[in-house]
Amino acid sequence: MTAQVVVGTDGSAHGEGAVAWAADDAVRRGCALRIVYVCEPWTYDIPLQTPPGFRDSVTEHCQGVLESAVAVVRGRAPHLEVESVLREGRVTEILRREAEGAEQIVVGSRGLGGFTGLLLGSVSLALAGHVAAPIVIVRGAWEPARGQVVVGFDGSAHSTAALGYAFAEAVRRGARLQAIHAWQVPVMGPGAIAYAPLVEDIFAGARSIAAGALTPWWERYPQVEVEQTVVCRHPAAAICEASAAADVVVVGTRGMGRFGSALLGSISHGVLHHAHCPVAVVGS
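What comes next concerns the included structure. (Residues numbered from 1 in each chain as written. Predicted model: local features only at pLDDT ≥ 70, side-chain atom pairs only at ≥ 80, totals over all residues. Heavy atoms only, no water.)

Looking at the overall build of the chain
- Secondary structure summary: the chain contains eight helices and 10 strands in total.
- Burial status across the chain gives 47% buried among its 284 residues.
- By element, 55% of the accessible surface of the chain is carried by carbon and sulfur atoms, the whole surface being about 13,900 Å². (Helix = DSSP H or I, 4+ residues; strand = E, 2+ residues; numbered from the N terminus. Buried < 20%, exposed > 50% of the residue type's maximum accessible area, 1.4 Å probe, protein only. Areas by Shrake-Rupley, 256 points an atom, 1.4 Å probe, with all protein chains shown as cover.)

As for the packing of aromatic side chains
- One pass over the structure, following the stated rule, counts three aromatic pairs.
- The interplanar angle of 15° and the centroid separation of 6.4 Å between the aromatic rings of tryptophan 217 and tyrosine 221 together place this pair among those described as stacked. The same class applies to tryptophan 217 as to tyrosine 221, namely buried.
- By the ring-pair criterion, three or more aromatic residues cluster together here, those being Phe167, Trp217 and Tyr221.
- Note that arginine 28 overlies the ring of tryptophan 21, its terminal NZ or CZ placed 5.6 Å from the centroid. (Phe/Tyr/Trp six-rings, centres within 6.5 Å; stacked < 30°, edge-to-face > 60°. Lys NZ or Arg CZ within 6 Å of the ring centre and 35° of its normal.)

A closer look at the sheet that holds strand S5 (residues 135-138)
- The sheet built from 10 strands is open, its strands ordered S3-S2-S1-S4-S5-S10-S9-S6-S7-S8 with mixed pairing. Unpaired on one side and paired on the other, strand S3 (82-88) and strand S8 (226-232) mark the two borders of the sheet. Between one strand and the next, the sheet's axes are offset by a mean angle of 20°, whatever the strand orientation.
- Sitting on the sheet, helix H7 (residues 235-243) touches strand S6 (148-152), strand S7 (176-183), S8 and strand S9 (248-252), and the angle it makes with S7 is about 160°. (Pairing = 2+ DSSP bridges. Axes fitted to C-alpha atoms, helices over the stretch in contact; angles between N-to-C directions. Contact = heavy atoms within 4.5 Å.)

Some points on the packing of helix H1 (residues 13-29) against helix H5 (residues 157-173)
- The geometry of H1 relative to H5 is characterised by a closest axis approach of 10 Å and an angle of 85° between their N-to-C directions. By the angle between their directions, the pair H1 and H5 is classed as roughly perpendicular. Between H1, through Trp21, Asp25, Arg28 and Arg29, and H5, the contact on the second element is made entirely by Tyr165, Glu169, Arg172 and Arg173. (Parallel < 35°, antiparallel > 145°, perpendicular 65-115°, else oblique.)

Quick notes on H1
- Compared with an ideal rise of 1.5 Å per residue, which puts 17 residues at 24 Å, H1 spans 24 Å between its outermost C-alpha atoms and is within 8% of the ideal.
- Taken across its 17 residues, H1 has 13 buried, putting it largely inside the fold.
- Downstream of H1 by a residue or two, glycine 30 has a phi angle that is positive, lying close to 70°. (Expected span 1.5 Å × (residues − 1).)

Thoughts on the packing of H7 against helix H8 (residues 266-274)
- Packing of H7 against H8 leaves a shortest axis separation of 9 Å and a crossing angle of 35°. Like other packed secondary-structure pairs, H7 and H8 cross with a definite hand, here right-handed. In contact with Pro235, Ala236, Ile239 and Cys240 of H7, H8 contributes Ile267, Gly270, Val271 and His274. (Left-handed = near helix turned anticlockwise from the far one by under 90°.)

Examining the nonpolar core
- The biggest cluster of nonpolar side chains holds 50 residues, and the ones touching the most others in it are Leu33, Val106 and Val250.
- With seven residues, the single largest contributor to this core is H5.
- Apart from the residues lying within four places of it in its own chain, the contact partners of valine 106 are Val5, Val6, Val7, Gly8, Ala18, Trp21, Ala22, Val136 and Val138.
- Listed in part, the 33 residues of the second largest apolar core include Ile105, Leu127, Cys240 and Leu272. (Core = buried A, V, L, I, M, F, W, Y, C linked by side-chain atoms within 4.5 Å.)

Re the pattern of salt bridges
- This model, assessed by the stated rule, comprises 13 salt bridges.
- For arginine 87, the salt bridge goes to glutamate 98, with nearest N and O atoms at 3.8 Å. Placement of arginine 87 in strand S3 and of glutamate 98 in helix H3 (residues 91-99) is noted, with a sequence separation of 11 residues between them.
- Residue classification places arginine 87 among the partly exposed residues on the basis of a relative accessible area of 32%. (Salt bridge = Lys/Arg side-chain N within 4 Å of Asp/Glu carboxyl O.)

Structural notes on the state of the cysteines
- As enumerated under the stated definition, the model contains zero disulfides in all.
- You can see cysteine 39 has no disulfide; the closest cysteine sulfur is in cysteine 62, sitting 4.1 Å from it.
- On the basis of relative accessible area, cysteine 39 is assigned to the buried category, the value being 6%. (Disulfide = S-S within 2.5 Å.)

Here's what the structure looks like:
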């Protein structure tokens, strides 16, 4: 079966942005592109008598959304192999199934439904951390070709997967890579100055963890220009600030925080809400 990048769209500006991003991504990966539009069951399950031709009208609308998405792709990548499919069901359930076997799944940060003022939609949150394939969440406005990939890592298995994805993405894009390892000073009471040597030890340990995690990837991808950033700061804040100059930010589904069993960690969750560019969430 041909490798595919899957993108979900709903005809919104964020959905069209996701389609454009996915088309470029499929070209970089040498994959086909599969565009999916999901018609939710409630569209047909109206308890009142629907007027003649109602269902046909809904179907025409759905097909129109797909045709517009294909046109966006053709304008960016005329020779890309594209398949568009219309599905009926729950959006998150359908897209989770579509993610099985996909190289990557791409969605907009939010769509037409719900509270449009929210930073992140329910579909994006329901998919991040719940699918095996990497998922990229694209905001409505994004600027390509900044030439930088940003990755956050903490030494956990999930961040190792994020590093692998980020290095490979930097190669595909011919981009620089900024690898951020952020840590926070433990809460200290009065007389904290006496703990300065301890803080220095923590900082040295953080640098050692960062170097140890990056070394295998440096050796595997010597062509990638890497900036190693070790900083005493909240990880989500550090990553989001760096995202302002990035094409894509990469995070693991969860790290070494308190709730290790959570499907999506608090840092990844914070980055998804506040990053200035598309975010790739990668599981181990």
